[in-house]
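Structural overview for review
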Amino acid sequence: MKQPVVNDSVEALNGDMAKKNLGGHWQLGLESYLSYPETTVQPCLWKWKDIYESLMRAGEVVSMEQAERRTVRLLNPALRDRQATTHTIQFSFQYVKSGEHARPHRHTAAAYRFILQGHGAYTTVNGQKCVMEEGDLILTPQLTWHDHTNDSGKPIIWLDGLDIPLVQSLQQLLFEPHPEDAQPIQKTSEEVALAQGASTAEFFHYKWSDAYRSLCAPVGLASPDRFDGYFFEYRNPMTGGSTMPTIQCALSLLRPRQETAAHRHTSTVIYHVFRGSGSSIVGERRFDWEAGDSFVVPLWHPHRHVNGSASEEAILFSMSDAPVLKSLDLYREEPAGV
Ligand SMILES: [Fe+2]
Ligand SMILES: [Fe+2]
């Protein structure tokens, strides 16, 4: 056995170990352990007028060839070095003018688009033509080929949600351009919806008319969820599972003057105000929102929502990383004061 170092000390040991790429548990200190999950993501609100103005300016000065996708991304002020909205998810807005085409590609990041303004353009996902209407949700799961074509005669704007920060942190990011300028179209999403025995692998398109009908069905007949109002989750129609393995999309409907109770959870959520106006309390921040605005609720931040209108319903579209937390047994939620 080796003889102990004469006049040894913790400091000397720490220094010698550092030279050998070693470290002691004692160097961490108890203060590095918290009794609750901590995040660097900040609550943040983005106003639609700022996003829209940037999109219109980008439409003038940024070509599709230059950009691959003409999107304006929401950047969390605490994550500027990562160019991300949160540590797991990315929110962007895409503008495609009439006559434009965004060439096909695929990537390991899963994505979806939620259509905000315009209709009649289409996304092609693995050869399936999905014609866009306002409020539709179209999935491009990981490694599905996708390109966008606007032959509608009018511009279109949609919201893009991706799990790219999560995939990046797992060091699994892969991007591949398609060998052709446009994918050959083999079928339409309407044909898939009507087909008997369509597989999960072919289901990409949730129509707004179906989602809104499901969202409204319990209004007046059943009590809303305490924390989320009347709540509709976009579930995988074949498995009943989450929208995609890493992403849960949902709609919350708040009746005029409705207020939710406060809670917190280990998932992070981004909201987009699809209709209406109101406010949300997120931690110590209060966000007053109107249609088109977006805001982040970081994990474990207490939050509640209020429809500020006495006559109009409010509808919040949301994207969450809850499926990731649940699959790792890290999801928790509880009521919380705010
Ligand atoms: Fe893409
Ligand atoms: Fe929540």
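Notes on the structure follow. (Residues numbered from 1 in each chain as written. Chains lettered and ligands numbered in written order. Predicted model: local features only at pLDDT ≥ 70, side-chain atom pairs only at ≥ 80, totals over all residues. Heavy atoms only, no water.)

1. Remarks on the sheet that holds strand E8 (residues 137–140)
Read across the open sheet, the six strands follow the order E2-E3-E10-E5-E8-E13; overall the sheet is antiparallel. Each having just a single partner strand, strand E2 (71–73) and strand E13 (205–206) make up the two edges of the open sheet. Inspection of the sheet shows strand E5 (residues 111–117) paired to strand E10 (residues 156–162) by six bridges, in the antiparallel sense. Note on E10: the bridge partner recorded for Tyr112 is Gly161. Each of E2, strand E3 (90–96), E5 and E10 touches helix H2 (residues 48–61); the most contacted strand, E3, lies at about 45° to it. (Pairing = 2+ DSSP bridges. Helix = DSSP H or I, 4+ residues; strand = E, 2+ residues; numbered from the N terminus. Contact = heavy atoms within 4.5 Å. Axes fitted to C-alpha atoms, helices over the stretch in contact; angles between N-to-C directions.)

2. A few points about the coordination of the iron ion (ligand 2)
In this structure, His263 (NE2), His265 (NE2) and His303 (NE2) serve as the protein donors to the iron ion (ligand 2), at separations of 2.1 to 2.3 Å. The sequence pattern formed by the donor residues of the iron ion (ligand 2) is H-x1-H-x37-H. One end of the pair, His263, is in strand E16 (residues 263–265); the other, His303, is in strand E21 (residues 303–307), with 40 residues separating them in the sequence. Take His263: its relative accessible area is 2%, and that puts it in the buried class. In this structure His303 comes out as buried when scored by relative accessible area, which is 1%. (Donors = N, O, S within 2.8 Å, 3.2 Å for Na, K, Ca; no water. Buried < 20%, exposed > 50% of the residue type's maximum accessible area, 1.4 Å probe, protein only.)

3. Some points on the coordination of the iron ion (ligand 1)
Bound to the iron ion (ligand 1) are the protein donor atoms His105 (NE2), His107 (NE2) and His146 (NE2), situated 2.2 Å from the metal. According to the relative accessible area criterion, His107 is buried, its value standing at 10%. On the basis of relative accessibility, which here comes to 3%, the residue His146 falls in the buried class.

4. Things to note about the pairing of strand E19 (residues 285–290)
Across six bridges, the pairing between strand E18 (residues 277–282) and E19 is antiparallel. Along E19, the bridge assignment pairs Gly278 with Trp289. Once E18 ends, the chain turns through two residues before running back antiparallel as E19, passing Gly283 with a positive phi of about 60°.

5. Thoughts on the nonpolar core
With 41 residues, the main nonpolar core has Tyr112, Phe114, Leu137, Tyr234, Leu251 and Phe317 as its most contacted residues. In terms of nonpolar packing, the next biggest core, distinct from the first, is built from twelve residues, Met64, Ala102, Cys130 and Phe204 among them. (Core = buried A, V, L, I, M, F, W, Y, C linked by side-chain atoms within 4.5 Å.)

6. Side note on the pattern of salt bridges
According to the stated counting rule, one finds 17 salt bridges in the structure shown. Among the salt bridges present, the one from Glu53 reaches Arg57, with a minimum N-O distance of 3.8 Å. Of this pair, Glu53 and Arg57 are both found in helix H2, four residues apart, which corresponds to roughly one turn of the helix. For Glu53, a relative accessible area of 44% gives the class partly exposed. In this structure, Glu334 engages Arg264 in a salt bridge whose closest nitrogen and oxygen atoms are separated by 2.6 Å. Of this pair, Glu334 sits in strand E23 (residues 333–335) while Arg264 sits in strand E16, placing them 70 residues apart in sequence. Note on Glu334: relative accessible area 29%, which makes it partly exposed. On the basis of relative accessibility, which here comes to 24%, the residue Arg264 falls in the partly exposed class. (Salt bridge = Lys/Arg side-chain N within 4 Å of Asp/Glu carboxyl O.)

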